[in-house]
Amino acid sequence: MTVNARGIRTLPYWSVFLFGMAVYGWMALPPAGATTYYVSLSGNDSYNGQSPAFVSGANGPFRTIQKAVNTSVGGDAIQIRGGAYTESVNIIGRNFSQALPLTIRNYGGEVVGISPAGTAPFWISGASWVQIGGLTLAGVTTPGVTAVYVGSSANIAITNCNISSNQAASAVYAVNSSYVTLAGNRFIANQVWPVQIDNNCVNCLVASNRIERTRKTSTMVMMGSNSRNNTVLANTFVDNYLLPGSDLYVIFLYQVGAGNTIRDNVIYNTSLPATEVTGAGSAAIRVSESDDVTIRGNLVSNYIFRGTVDFSWDGHVLTPAQGGRSGCGITVNGTTGDRAARIVVEGNTVKGSGNTGIEMDFVDDSTLRSNTVVASGQYGLHIHGDENNHSTVIGNVIEGNTAISNGWLHGGMSGISVTHVGTGNIIRRNVSFGNRQGTAGMTGYDWYGDGMGVIVDLNSDGTWVLSNLCFGNEGPGIGIVKSDDCVVLNNTIVGNGRCPQNVDLPGVTFSPDIGMGWTVSNTRFENNILYNNRQLQIEVFDVAGHVFNHNLFLAGPLTDPAVGSELIYWQDPGLSGPDWYMTFSEWKAYCAIQGIGNSAGDLNVNPSFAGGALSAANRYGYSLAKGSPCVNAGVNDSRLTGTFDLAGNERLGHGVADIGAIEYVTSGNTLFPVAFTGAWANVALWDSTGAFWWAFNGSGTVWAPTQITVPPILPNRWYWLGVWDYAASAWGYGTWFARYE
């Protein structure tokens with residue numbers, strides 16, 4: 001991505017403008033035999049319109065744009081001389097073609113403004129293959145009147161226009177249309193939605209526009225169940241917010257059809273507004289009550305507003321004066337009766353949101369993958385379900401994300417969270433680091449708690465937590481709270497419980513609320529490393545039915561010396577209170593006496609990591625060094641079959657699972673699964689020194705192996721394996737993996 005002199009994002013080798021020229025012939029020279037017509041404020045509609053200035057006789061420019069439109073046929077171009085035009089241009093029932101479109105633009109870079117009184121500058125209805133560019137469309141103030149209307153039309157392109165200060169309706173409004181393109185435009189200080197893609201719009205493209213200083217509830221709106229396969233691509237949204245009122249959504253998709261994409265956009269604010277400007281539910285990107293939407297590669301930065309945080313049900317309210325903030329990065333929501341489904345939120349970066357970084361409410365079969373969320377006021381990544389029906393919100397995956405320093409606004413938040421969700425939800429291969437316990441230490445506003453790396457909360461029964469790295473969090477690394485039948489396998493939980501105001505925090509907590517009937521039972525907890533957490537390594541307040549085997553428990557330099565050698569809190573009602581605190585040997589003896597089948601394969605030794613300080617950049621410092629006691633010390637749980645570790649290594653690739661989030665990878669030829677089919681070529685392997693190797697080359701062939709073999713990989717490096725898809729001109733498959741000695 002690059003940013004040009006106007007601050008508009010452009011795409012380097014697949015520019016939307018090159019794409020548009022290939023598809024539409026945007027702004028190209030008129031084809032042979034076509035006519036260029038000119039319009040000038042000094043012209044006359046009795047002239048022939050074929051000269052940019054009066055020459056003699058009838059040889060001169062038209063006076064009105066409408067005259068030029070009415071005169072034109074397919075392939076003709078209209079060039080408008082500079083000045084302020086007050087007419088409305090109607091293009092109704094005019095159907096041109098891809099080979100012979102109608103092109104309307106400014107002449108020679110001159111500034112052309114079109115601002116009629118009481119009507120739209122452009123009204124396009126029942127038309128096709130019209131291209132408009134280089135104009136200023138501003139100052140429409142009549143209620144219900146838009147700057148550009150596109151209805152029941154196809155292949156309409158609006159490019160490189162300045163569309164500003166329109167106050168009474170959407171600046172550009174498209175409905176019942178297909179292949180409408182808005183590219184390279186600048187939308188400034190519009191008071192209503194700058195862009196609205198409404199019902200029955202298909203295959204529309206909103207790309208490389210800059211939208212700033214909007215004062216309305218949304219800036220880019222798409223709606224309608226038959227609006228599908230539309231793309232919002234590489235736009236820049238700056239300082240869009242409204243004065244006190246309702247919630248603000250910069251990009252808002254509401255009840256749209258399938259196949260819509262929000263990709264590679266930048267959304268940011270340059271400063272914090274001086275007054276409270278939005279409600280608590282504001283979001284930079286919101287997709288509501290929609291299915292099959294992709295949100296990929298967007299950057300949301302500093303999306304934060306002064307706002308009241310009302311958790312009065314829990315006894316806490318923060319006003320703006322007390323530091324209350326609002327503004328989510330990305331929000332996806334369904335309803336209790338109509339859940340959203342098959343939403344992919346992938347590869348986005350969200351930094352400095354006042355509320356949650358990325359949130360999904362009432363969604364099924366959706367994915368949060370490879371996102372980075374930093375310094376959100378509330379949760380980093382959060383999926384929320386129906387507190388009255390815990391059989392809903394199912395089949396979601398939170399995978400490969402990085403959550404850092406979230407939860408600074410108030411307590412009860414964590415880096416990665418699921419709450420009130422049903423079965424089949426998976427949290428795997430994430431890094432959650434340095435998340436906060438809220439306002440701890442803020443005199444007068446202390447409100448702290450949670451601050452976990454990962455929390456499975458409030459009846460989220462059956463959730464799987466696999467191959468995550470949780471370190472340096474103010475709260476526990478992982479919390480299973482009021483949820484049954486969970487699976488917690490192969491996580492590395494190191495150096496957590498670091499909140500200075502809340503010193504009694506373990507590495508992992510199992511927390512029920514027996515009085516409310518909420519239990520934590522039947523958890524399978526295996527192959528986990530719990531090391532160097534501040535208090536106990538794990539606390540279990542409900543001991544019913546758990547399976548605890550092949551885990552490593554060890555205190556470390558950060559562990560509070562007052563803990564002594566006690567590692568485990570196990571609240572067995574059959575024991576007296578002091579006996580609930582156990583050393584490793586007491587834990588083993590207790591399990592043997594009780595005959596509960598736990599503690600098999602447990603370790604109490606140094607895990608021997610590859611090394612490094614606590615940091616997000618050094619996640620692979622927590623891979624296993626050569627000779628680590630965790631190598632081949634795990635149990636091959638059936639849930640690990642076909643899965644990968646945090647670094648992309650096949651979990652059971654060498655026969656026996658290791659303990660911890662990252663498998664130790666030995667030298668020698670290595671096999672990698674390739675979940676990819678289609679016309680492709682060039683399996684590429686890079687390592688951290690920049691070395692590069694092609695494994696296969698077969699341009700245009702179809703090859704779908706289950707594995708490929710690469711040469712010996714070397715120690716103390718990370719690698720990236722990718723497959724190039726010629727059909728899509730993109731990497732069709734890619735994975736990171738690590739190799740350490």
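Residues numbered from 1 in each chain as written. Predicted model: local features only at pLDDT ≥ 70, side-chain atom pairs only at ≥ 80, totals over all residues. Heavy atoms only, no water.

Attention now goes to the overall build of the chain. Across its full length, the chain holds three helices and 68 strands. Buried residues in the chain amount to 56% of all 741 residues. By sequence separation, contacts in the chain at least 24 residues apart represent 70% of the contacts at least 6 residues apart. Accessible surface, the chain as shown: approximately 26,200 Å² in total, 52% of it carbon and sulfur. (Helix = DSSP H or I, 4+ residues; strand = E, 2+ residues; numbered from the N terminus. Buried < 20%, exposed > 50% of the residue type's maximum accessible area, 1.4 Å probe, protein only. Contact = heavy atoms within 4.5 Å. Areas by Shrake-Rupley, 256 points an atom, 1.4 Å probe, with all protein chains shown as cover.)

When you line up the elements, Glu346 lands in strand 36 (residues 344-346). Since its relative accessible area comes to 17%, Glu346 is described here as buried. In contact with Glu346, other than residues within four places in its own chain, are Ile295, Arg296, Gly297, Arg369 and Asn371.

Right, let's get into the side chain of Asn551. Within the secondary structure, Asn551 is located in the loop between strand 58 (547-549) and strand 59 (552-554). Here Asn528 takes part through its backbone nitrogen, which lies 3.0 Å from a polar atom of the side chain of Asn551. Looking at Asn551, its side chain comes within polar contact range of the main-chain oxygen of Asn549, at 3.1 Å. Dropping the residues within four chain positions of it, Asn551 is found in contact with Phe525, Glu526, Asn527, Asn528, Gly601, Asp602 and Leu603. (Polar contact = N/O pair within 3.5 Å; in protein donor to acceptor, adjacent residues only side chain to side chain.)

Glancing now at the nonpolar core. By size, the foremost hydrophobic cluster in this structure holds 113 residues, and its most contacted members are Phe122 and Ile251. A per-element tally of this core places helix 3 (residues 584-594) first, with four residues. What Phe122 contacts, discounting residues up to four positions off in sequence, is Val89, Ile91, Ile104, Ile114, Ile132, Leu135, Leu137, Ala147, Val148 and Tyr149. Among the nonpolar cores identified, the runner-up in size contains 22 residues, and Tyr531, Leu554, Tyr622 and Ala661 belong to it. (Core = buried A, V, L, I, M, F, W, Y, C linked by side-chain atoms within 4.5 Å.)

Right, let's talk about the pairing of strand 16 (residues 178-183) for a bit. Of the strand pairs in this sheet, strand 13 (residues 154-159) and strand 16 are connected by five bridges, and their pairing is parallel. When the sheet's bridge partners are listed, Ile158 is paired in strand 16 with Leu182. In the sheet, strand 16 pairs with strand 19 (residues 205-207) via three bridges, with the strands oriented parallel. When the bridges of strand 19 are listed, Thr181 appears paired with Leu205. (Pairing = 2+ DSSP bridges.)

With that settled, consider the packing of aromatic side chains. Using the criterion set out here, one finds 22 aromatic pairs in the structure. With centroids separated by 3.9 Å and ring planes inclined at 15°, the aromatic side chains of Trp123 and Tyr149 adopt a geometry described as stacked. One end of the pair, Trp123, is in strand 9 (residues 122-125); the other, Tyr149, is in strand 12 (residues 148-151), and 26 residues separate them in sequence. Judged by its relative accessible area of 34%, Trp123 falls in the partly exposed class. Of the residues examined, Tyr149 reaches a relative accessible area of 16% and is grouped as buried. Ring geometry for Tyr569 and Trp580: centres 5.9 Å apart, planes at 85°, overall edge-to-face. Here Tyr569 is found in strand 60 (residues 568-570), whereas its partner Trp580 is found in the loop between strand 60 and strand 61 (581-582), with 11 residues between them in sequence. A residue is classified by how much of its surface remains accessible, and Trp580, at 19% relative accessible area, is buried. Members of the aromatic cluster, joined through ring pairs, are Phe510, Phe525, Phe548, Trp570, Trp587 and Tyr590. (Phe/Tyr/Trp six-rings, centres within 6.5 Å; stacked < 30°, edge-to-face > 60°.)

This part covers the pattern of salt bridges. Evaluation of the coordinates by the stated rule reveals 18 salt bridges. A salt bridge links Asp291 to Arg342; the shortest N-O distance between them is 3.9 Å. One end of the pair, Asp291, is in the loop between strand 27 (283-288) and strand 28 (293-296); the other, Arg342, is in the loop between strand 35 (340-341) and strand 36, and 51 residues separate them in sequence. Here Glu399 makes a salt bridge to Arg429, at a shortest N to O gap of 3.9 Å. On the criterion of sequence distance, the pair formed by Glu399 in strand 43 (residues 397-399) and Arg429 in the loop between strand 46 (426-428) and strand 47 (431-433) is long-range, its members being 30 residues apart. Each member of the pair, Glu399 together with Arg429, is buried. Through salt bridges with shared partners, a single network forms among Arg296, Glu346, Arg369, Glu399, Arg428 and Arg429. (Salt bridge = Lys/Arg side-chain N within 4 Å of Asp/Glu carboxyl O.)

What follows deals with unusual backbone geometry. Unlike most non-glycine residues, Asp292 shows phi in positive territory, near 55°. Mapping Asp292 onto the fold places it in the loop between strand 27 and strand 28. For Asp292, a relative accessible area of 28% gives the class partly exposed. Within the chain, Val393 stands out as a residue other than glycine whose phi angle is a positive 60°. Relative accessible area serves as the criterion here: at 0%, Val393 is assigned to the buried category.

Mean pLDDT over the chain works out to 83, with 81% of the residues at or above the 70 mark. Residue range residues 1-27 is modelled with pLDDT below 50. Its contacts to residues more than four positions away, or to other chains, number 73 contacts. Low pLDDT, under 50, characterises residues 692-713; the predicted model gives this stretch 68 contacts beyond four residues in sequence or across chains. (pLDDT = per-residue confidence, 0-100.)

Below, the discussion takes up the pairing of strand 12. Side chains of strand 12 alternate between two faces, with Val148 and Val150 and Tyr149 and Gly151 buried alike. Judged from the four bridges that link them, strand 9 and strand 12 form a sheet pairing that is parallel. Bridging across to strand 12, Phe122 finds its partner in Val148. The sheet contact formed by strand 12 and strand 15 (residues 172-175) spans four bridges and is parallel. Across the sheet, Val148 pairs through a bridge with Val172, a residue of strand 15.

Right, let's talk about helix 3 for a bit. Taken together, the buried positions of helix 3 are Phe584, Trp587, Tyr590 and Cys591. Taken end-on, helix 3 shows its buried residues confined to a sector of 125°, consistent with a single buried face. The exposed residues of helix 3 that point more than 90 degrees off its buried face are Ser585, Ala592 and Ile593. Next to the buried residues of helix 3 lie strand 58, strand 59, strand 60 and strand 61. Among the residues trailing helix 3, Gly595 stands out with phi positive, at a value near 65°. (Arc of directions from axis to C-beta.)

Let us now look at the environment of Arg369. In this structure, Arg369 sits in strand 40 (residues 367-369). On the accessibility criterion, Arg369 (28% relative accessible area) is partly exposed. Sequence separation between Arg369 and Asn430 is 61 residues, and the spatial gap between their C-alpha atoms is 9.0 Å. At a separation of 3.1 Å, a polar atom in the side chain of Arg369 contacts the side chain of Glu346.

Here we come to the side chain of Glu539. Inspection of the secondary structure assignment puts Glu539 in strand 57 (residues 538-540). Here the side chain of Glu539 touches Thr509 through a polar contact of 2.7 Å, side chain to side chain. Not counting the four nearest positions on each side in its chain, Glu539 is found in contact with Pro506, Val508, Thr509, Phe510, Ser511 and Tyr569.

A few words now on the environment of Gly93. Its location among the elements puts Gly93 in the loop between strand 6 (89-92) and strand 7 (102-106). Spatially, the C-alpha atom of Gly93 lies 9.6 Å from that of Ser152, the residues being 59 residues apart in sequence.

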